[in-house]
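Analysis of the macromolecular model
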Amino acid sequence: MNGPRVDKWLWHHPHHDGSALYVSNPYPALGDRVDVYLRVPRATPVTAVLLRTYIDGEQSLNAGELDREDTCDRWYRGVVTMYNPVVNYRWLLQSGPAGYRWLNGTGVHDRDVTDAADFRLTTHPRPPAWAEDAILYQVFPDRFARSARADTRDTPRWAIPQHWDDPVVGRGPETPYQLYGGDLDGITEHLDHIQALGANTVYLTPVFPAQSNHRYDASSFDQVDPVLGGDEALARLTAAAHARGMRVMGDITTNHCGDAHEWFRTAITDETSEEAGFFLFHTHPTDYVAWFDYPSLPKFDHRNPELRRRLYEGPDSVVARWLTAPTGLDGWRIDVANMTGRHGTVDLNHKVATTVRHTMATAHPDALLIAEHSHDASADLLGDGWHGVMNYAAFTRPLWQWLTPEAPVEFTPGPFTVIPRLPGTAVAATMRDFAAAVPWRATATALNLVGSHDTARIADTLDDDEDTLHVAFGLLAAMPGIPMIYAGDEIGQHGTNGEDGRRPFPWNHDNLWNRDVLESVTTKITQRQSHQALRTGGLRWVSITDDALTFLRETQDGSVLVHATRAATDPLMLPAAYFGSHLTGLTGTADLVADGAALLLPGAGPRFSWWQLP
């Protein structure tokens, strides 16, 4: 039988993850007893199963009981008692009197392992339930759509006004000052497009006044930028979105503000002012800590209680205010969250995260909290702070590394070199490493993206290859986490870096739209929303080869088999006795019928395929 080597076949490995199929209560309270289940395919020689837990600093091994079995699998049950807010556990698999293997979040190991990749249960309050079904659509307000009201507004002094069709300066002194005049009413007028795509949550990059088009250098947190239409325009947008059953998330920087911010202007004017304590001065007023030493972005000192009170602590804070009526945002994305509260010997990041979370839960109990983080966020994701992070490290970078053409491409955010083309075994290992370092709920609430306002456009990254773009968006729809689409990616918009990618949406030039990509994205998002397994199911790898990634998304009520290839490769043969003899293809994929005892998954590529299991 031709196909990948047996050591690349993972379907016969024992499996566990933190999804509801394997955990009786994914959201336990302190003291709860949680049943956890291990699936052992009959093809695997396992004679006994033990559950290793880590409670109060000590490990314990307890025998797992055979819970049930069928023609394909044996299911073992263990019990985790939540004596601590977060409890680690992993499985020990015995295959004879002297041999054993460990199963943790990265897979099966024929050696002892550290606790770093243990499975984790946490008792902290769960993320909002709507996040399970969320599809985010990211909008950079200045470049998405311009309403007629925009023509009546004054241009700020810092801005270089542009016509909608003028070219964007991707790198240059004009880059942050080009103003195209997109506004919030323009977004409201195009909610039909966003909703037709299948997205149900609009994520806005900052809307506060600033001295740039990106607005990450806020000059005030007390109002919406008048250039965008002011507070009233945000209220109109949130009201219109809510009327459709959609949500709106905001973006705020807790690490720094702009040097034109009213707090900072007071701070440098009066060394004795309360606001002077909001910042980290070496020598007042000119020598202060700034984000990456950009003097226009002075860094906050979170040791100051008044700063915390004004910015994110309590019902009168900035964070709370914009979550309540009349504007009523449904959550926040925190800019450079990984750096917030961290400087030298001071590390208040966890305090910031938990305080923001508490404030949000009080002001809007159903609000979602997402942190920007471009590398290992595991230390910050135990469940009491950020609900999830932008999943650059565990999804975007490995996806790019797998799909990029032979010529390396640049990747931002972060101080990275160019991205090489890597085999599937390497990128899947990266995905598994990062996912294994956090509780399952953090993986399920991570914001997956193929690109953002800080990266090159995915169409440029993949050289406009439509087949490969279909694979990228297919994996976006199929992997655990919250899919996010950056406005314009769904029509194949271009941009060679983050700033160049912020080109105005070509509403009046639909000849520039890639309709095949738009149809593909819409279809894949629709399929995700139609199948519970794709929204909330676990992730079980079936096969990983250089050019093909194959996995299952599983729930108690059904499973979906996903097969993605980046190039032509050997067909993958799977046993019909285990997977079924007739799999129903989801939209865009033909049914799969067994040839004798085997299912033959296509080797053509690049191709994205998925099937519903019987």
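So, a few notes on the structure that sits alongside this text. All values reported here derive from a predicted model rather than from experimental measurement. (Residues numbered from 1 in each chain as written. Predicted model: local features only at pLDDT ≥ 70, side-chain atom pairs only at ≥ 80, totals over all residues. Heavy atoms only, no water.)

Details of the side chain of Asp454
Examined against the element boundaries, Asp454 turns out to sit in the loop between strand S22 (447–449) and helix H12 (458–461). Among the polar contacts made by the side chain of Asp454, one reaches the side chain of Arg502 at a distance of 3.2 Å. In contact with Asp454, not counting residues within four places along its chain, are Arg333, Glu372, Tyr392, Thr412, Pro413, Gly498 and Arg502. (Helix = DSSP H or I, 4+ residues; strand = E, 2+ residues; numbered from the N terminus. Polar contact = N/O pair within 3.5 Å; in protein donor to acceptor, adjacent residues only side chain to side chain. Contact = heavy atoms within 4.5 Å.)

Some remarks on a negative patch on the surface
A cluster of acidic residues, Asp463, Asp464, Asp465 and Asp467, forms a negative patch on the protein surface. Locating Asp463 in the fold gives a position in the loop between H12 and helix H13 (466–478). By relative accessible area, Asp463 is classed as exposed at 56%. (Patch = residues over 30% accessible without salt bridge, like charges linked within 9 Å, V, L, I, M, F, W, Y side chains within 5 Å. Areas by Shrake-Rupley, 256 points an atom, 1.4 Å probe, with all protein chains shown as cover. Salt bridge = Lys/Arg side-chain N within 4 Å of Asp/Glu carboxyl O. Lys, Arg positive; Asp, Glu negative; His and termini not counted. Charge placed at Lys NZ, Arg CZ, Asp CG, Glu CD. Buried < 20%, exposed > 50% of the residue type's maximum accessible area, 1.4 Å probe, protein only.)

Observations regarding the environment of Ile187
As for its placement among the helices and strands, Ile187 is situated in helix H2 (residues 184–189). The class of Ile187 is buried, set by a relative accessible area of 0%. As for Ile187 and Val207, which are separated by 20 residues in sequence, their C-alpha atoms are 12 Å apart. Each residue touching Ile187, except ones within four places of it in the same chain, is listed here: Val139, Phe144, Ala145, Val202, Leu204 and Leu237.

Considering helix H5 (residues 262–269)
Those residues of H5 that sit buried are Trp263, Phe264 and Ala267. One face of H5 carries all of its buried residues, which in axial projection span an arc of 90°. Taken together, the buried residues of H5 touch strand S15 (281–283), strand S16 (287–288) and helix H6 (305–311). (Arc of directions from axis to C-beta.)

Some words on unusual backbone geometry
Looking along the chain, the bond that leaves His284 and enters Pro285 is cis, with omega of 5°. Assignment of secondary structure puts Pro285 in the loop between S15 and S16. A cis amide bond links Gly605 to the next residue, Pro606, at an omega of 0°. One non-glycine residue, Phe292, lies in positive phi territory at about 50°. Position of Phe292 relative to the elements: it lies in the loop between S16 and H6. Under the relative-accessibility criterion, Phe292 is labelled exposed at 56%. Positive phi, normally seen in glycine, also occurs at Asp293, with a value near 65°. As for its placement among the helices and strands, Asp293 is situated in the loop between S16 and H6.

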